[in-house]
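Now for the letters of each chain:
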Amino acid sequence: MINMQEIYINLDDSGKLSTKERLSVYGGIIFFSKHEKDKFITQYRSIIKSIKEKYEENTEIKNINIKPQDKRRIMNYLKKYYVVGLVINNSKVYKHIIKSKAAKGRFLDYSIRRMVKEVINKLIKESKINPFKPVKIVINIDNQTTKSNGYYNLKDGLLEELKYGISSFNYGVHINPIIFSELKLDIKYQDSRTSFSIQAADLLAGTIRKISLQTIDNQNSSSKLSHFVNYNLFLP
């Protein structure tokens with residue numbers, strides 16, 4: 001029996017898709033086995049436990065409240081893992097999308113699907129995934145309000161893009177799939193208070209957003225992010 005490949009993608013956001021903010025960002029950390037995931041959680045929990053002694057009781061360590069020296073310690077640890085990012089330039093998103101809650105939800109749904117597909121494609125090119133062998137992809141996302149557009153949801157849309165391909169009958173175009181064996185896809189919405197991997201994604205998203213905001217006008221984000229981000233997608 002062929003062992004199933006396992007990919008765990010953990011995502012959180014920083015900033016909102018709004019006319020009041022310049023960027024909305026997703027950051028994530030990827031594990032390539034349950035063993036790697038469990039090892040990360042054990043070590044990350046230990047780091048957080050030692051850091052929490054400096055904070056008020058029951059404080060959740062997040063990007064908005066962490067002290068700089070503590071953040072550097074955690075970021076140095078996170079750099080050991082596969083980090084991904086998605087940066088959306090809000091000023092380039094159509095205003096009618098931002099003004100409509102449903103349209104905004106669909107756009108974020110599309111953006112996450114696009115990022116996940118691009119990441120999986122990159123992992124295939126890097127031989128970290130064999131597309132001709134069974135693969136299980138688990139996507140953990142911080143509780144959020146991605147809306148279905150009535151035809152797709154995040155899971156169904158990803159299954160279609162990764163496993164079955166997409167046909168556009170209006171334009172007569174077919175986009176080929178990138179996974180050619182059994183694919184199991186599981187999407188979980190998690191509470192960051194109880195998920196160390198989501199807490200890590202929160203810190204990554206905040207850091208990616210901070211760097212992107214500092215460099216948005218000189219187009220230097222990619223080089224600065226490349227020091228710790230393995231793959232970053234800019235939209236639209």
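The rules we used
Within every chain, residues take consecutive numbers counted from 1 along the sequence as written. Totals for whole chains, interfaces and linings use every residue, but because this is a predicted model, local features are given only for residues with pLDDT of at least 70 and side-chain atom pairs only at 80 or more, for both listing and counting. To get the side-chain values, take all heavy atoms of the structure and skip hydrogens and water. By the criteria applied, helices consist of DSSP H or I runs no shorter than four residues and strands consist of E runs no shorter than two, each listed in order from the N terminus. Think of it in three bands: with a 1.4 Å probe and only protein chains considered, a residue is buried below 20% of the maximum accessible area for its type, exposed above 50%, and partly exposed in between. The charged-residue count follows a simple rule in which Lys and Arg add positive charge and Asp and Glu add negative charge, with His and chain termini not counted at all. To locate a charge, the coordinates of NZ of Lys, CZ of Arg, CG of Asp or CD of Glu are taken. A pair of strands counts as paired when DSSP detects no fewer than two bridges linking them. Throughout, an axis means a line fitted to C-alpha atoms (over the contacting stretch in the case of helices), and angles, computed between N-to-C directions, take values from 0 to 180 degrees. Throughout, a residue-residue contact means that at least one pair of heavy atoms, one from each residue, lies within 4.5 Å. What counts as a salt bridge is simple: a side-chain nitrogen of Lys or Arg found within 4 Å of a carboxyl oxygen of Asp or Glu. The pLDDT value tells you how sure the predictor is about a given residue, anywhere from 0 up to 100. Residues grouped as a nonpolar core are buried Ala, Val, Leu, Ile, Met, Phe, Trp, Tyr and Cys residues, joined through side-chain atoms within 4.5 Å.

**Focus on the overall build of the chain**
So, point 1. On a plain count of helices and strands, the chain comes out with seven helices and eight strands.
So, point 2. Buried positions account for 50% of the 236 residues belonging to the chain.
So, point 3. Across the chain, the mean location of the 40 positive side-chain charges is 4 Å away from that of the 23 negative side-chain charges.

**Quick notes on the sheet that holds strand 4 (residues 135–142)**
So, point 1. Taken in spatial order, the six strands make up an open sheet running 7-4-1-2-3-8, and their pairing is mixed. Two strands bound the open sheet, and with one partner strand each, they are strand 7 (183–190) and strand 8 (231–235). Across the sheet, the mean angle separating the axes of adjacent strands is 15 degrees when strand polarity is ignored.
So, point 2. Sheet contacts for helix 6 (residues 196–215): strand 1 (5–14), strand 2 (23–31), strand 3 (82–89), strand 4, strand 7 and strand 8; angle to strand 2, the most-contacted strand, approximately 135 degrees.

**Digging into the environment of Q214**
So, point 1. Here Q214 shows up in helix 6.
So, point 2. Separated by 138 residues in sequence, Q214 and N76 place their C-alpha atoms 21 Å apart.

**A short note on the pattern of salt bridges**
Pairs may arise between side chains of opposite charge once their charged atoms sit close together.
So, point 1. Evaluated as defined, the whole model comprises 15 salt bridges.
So, point 2. Here D13 and K16 are joined by a salt bridge, their closest N and O atoms 3.3 Å apart.
So, point 3. D186 serves as the salt-bridge partner of K188, at 3.9 Å between the closest nitrogen and oxygen.
So, point 4. Under the relative-accessibility criterion, D186 is labelled partly exposed at 29%.
So, point 5. Here the residues in one salt-bridge network are D109, R113, K117 and E161, joined through shared partners.

**Observations regarding unusual backbone geometry**
So, point 1. With an omega dihedral of -5 degrees, the bond running from L235 to P236 counts as a cis peptide bond.
So, point 2. Note that P236 resides in the segment after strand 8.

**Let's talk about the confidence of the model for the chain**
So, point 1. Averaged over every residue, the pLDDT of the chain is 89; residues scoring 70 or more account for 92%.
So, point 2. In the predicted structure, residues 145–151 sits below a pLDDT of 50 and forms 11 contacts with residues beyond four places in sequence or in another chain.

**Here's the deal with the side chain of D202**
So, point 1. Looking at where D202 falls in the secondary structure, it is placed in helix 6.
So, point 2. According to the relative accessible area criterion, D202 is buried, its value standing at 9%.

**What about the nonpolar core?**
So, point 1. By size, the foremost hydrophobic cluster in this structure holds 40 residues, and its most contacted members are I9, I120, I137 and I139.
So, point 2. Per-element accounting of this core gives the leading share, 10 residues, to helix 4 (residues 101–125).
So, point 3. Ignoring any residue separated from it by four or fewer positions in sequence, one finds I137 in contact with I7, I9, I120, L162, L183, K184, L185 and D186.
So, point 4. Formed by 31 residues, the second largest nonpolar core is a distinct cluster that contains I41, I66, Y81 and A200.

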